[in-house]
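One-letter residues, chain by chain:
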Amino acid sequence: MYAAIEGVYENGRVILKEAAPTTKTSKVLIMFIEEEINKTAPIKQTNKGVKIGSLVGKGYSIPDDFDEPLEDLKEYM
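The text that follows walks through the structure, step by step, so that each part is easy to find. If you're wondering where the values come from, they're calculated on a predicted model, not measured in any experiment.

**Considerations on the pairing of strand S1 (residues 7-10)**
In step 1: Of the pairings in the sheet, the one linking S1 to strand S2 (residues 13-16) comprises four bridges and is antiparallel in character. In the strand pairing of S2, Val8 is matched with Ile15.
In step 2: Hairpin connection of S1 to S2: two residues between the antiparallel strands, including Asn11 at a positive phi of 55°.

Take a look at the structure:
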């Protein structure tokens, strides 16, 4: 079972804001989330990959039978 519960880490202790969904001994995963976001920091932009629309007019097209089964796989269809 997976459940997400909000809480606060303070003075070496985790304080949950609501009751745990179980009373049994369980494994837990704790994520530390920074509340402050630096809105003045520049957003990193990567130039990797293909941009949408960048191949228009360059001779690339999708064939009309694109969704048809491949010859090699017809026996499984």
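On we go from here.
**Observations concerning the pattern of salt bridges**
In step 1: Tallying each qualifying case throughout the model produces one salt bridge.
In step 2: Here Lys17 ties to Glu6 by a salt bridge, and the two come within 3.5 Å at their closest N and O atoms. Note that Lys17 is positioned in the segment after S2 and Glu6 in the segment before S1, a separation of eleven residues in sequence. Both residues of the pair, Lys17 and Glu6, count as exposed.

**Structural notes on the packing of aromatic side chains**
In step 1: Within this structure, the stated rule accounts for one aromatic pair.
In step 2: Taking the centre distance of 5.3 Å and the plane angle of 85° together, the rings of Tyr9 and Phe32 count as edge-to-face. In this pair, Tyr9 sits in strand S1 while Phe32 sits in the segment after S2, placing the two residues 23 residues apart along the sequence.

**Quick word on a negative patch on the surface**
In step 1: The grouping of Asp64, Asp65, Asp67 and Glu68 at the surface amounts to a negative patch.
In step 2: By secondary structure assignment, the location of Asp65 is in the segment after S2.

**Some thoughts on unusual backbone geometry**
In step 1: One non-glycine residue with positive phi stands out, namely Asn11, at about 55°.
In step 2: As for its placement among the helices and strands, Asn11 is situated in the loop between S1 and S2.
In step 3: Exposure remark for Asn11: the relative accessible area of 76% places this residue in the exposed category.

**Brief notes about the environment of Val14**
In step 1: Within the secondary structure layout, Val14 lies in strand S2.
In step 2: Accessibility expressed as a relative area gives 43% for Val14, which makes it partly exposed.
In step 3: Note: C-alpha distance between Val14 and Ile30 (16 residues apart in sequence) is 9.0 Å.
In step 4: Beyond its immediate chain neighbours, meaning those up to four positions away, Val14 contacts Val8, Tyr9 and Ile30.

What counts and what doesn't
Residues numbered from 1 in each chain as written. Predicted model: local features only at pLDDT ≥ 70, side-chain atom pairs only at ≥ 80, totals over all residues. Heavy atoms only, no water. Pairing = 2+ DSSP bridges. Helix = DSSP H or I, 4+ residues; strand = E, 2+ residues; numbered from the N terminus. Salt bridge = Lys/Arg side-chain N within 4 Å of Asp/Glu carboxyl O. Buried < 20%, exposed > 50% of the residue type's maximum accessible area, 1.4 Å probe, protein only. Phe/Tyr/Trp six-rings, centres within 6.5 Å; stacked < 30°, edge-to-face > 60°. Patch = residues over 30% accessible without salt bridge, like charges linked within 9 Å, V, L, I, M, F, W, Y side chains within 5 Å. Areas by Shrake-Rupley, 256 points an atom, 1.4 Å probe, with all protein chains shown as cover. Lys, Arg positive; Asp, Glu negative; His and termini not counted. Charge placed at Lys NZ, Arg CZ, Asp CG, Glu CD. Contact = heavy atoms within 4.5 Å.

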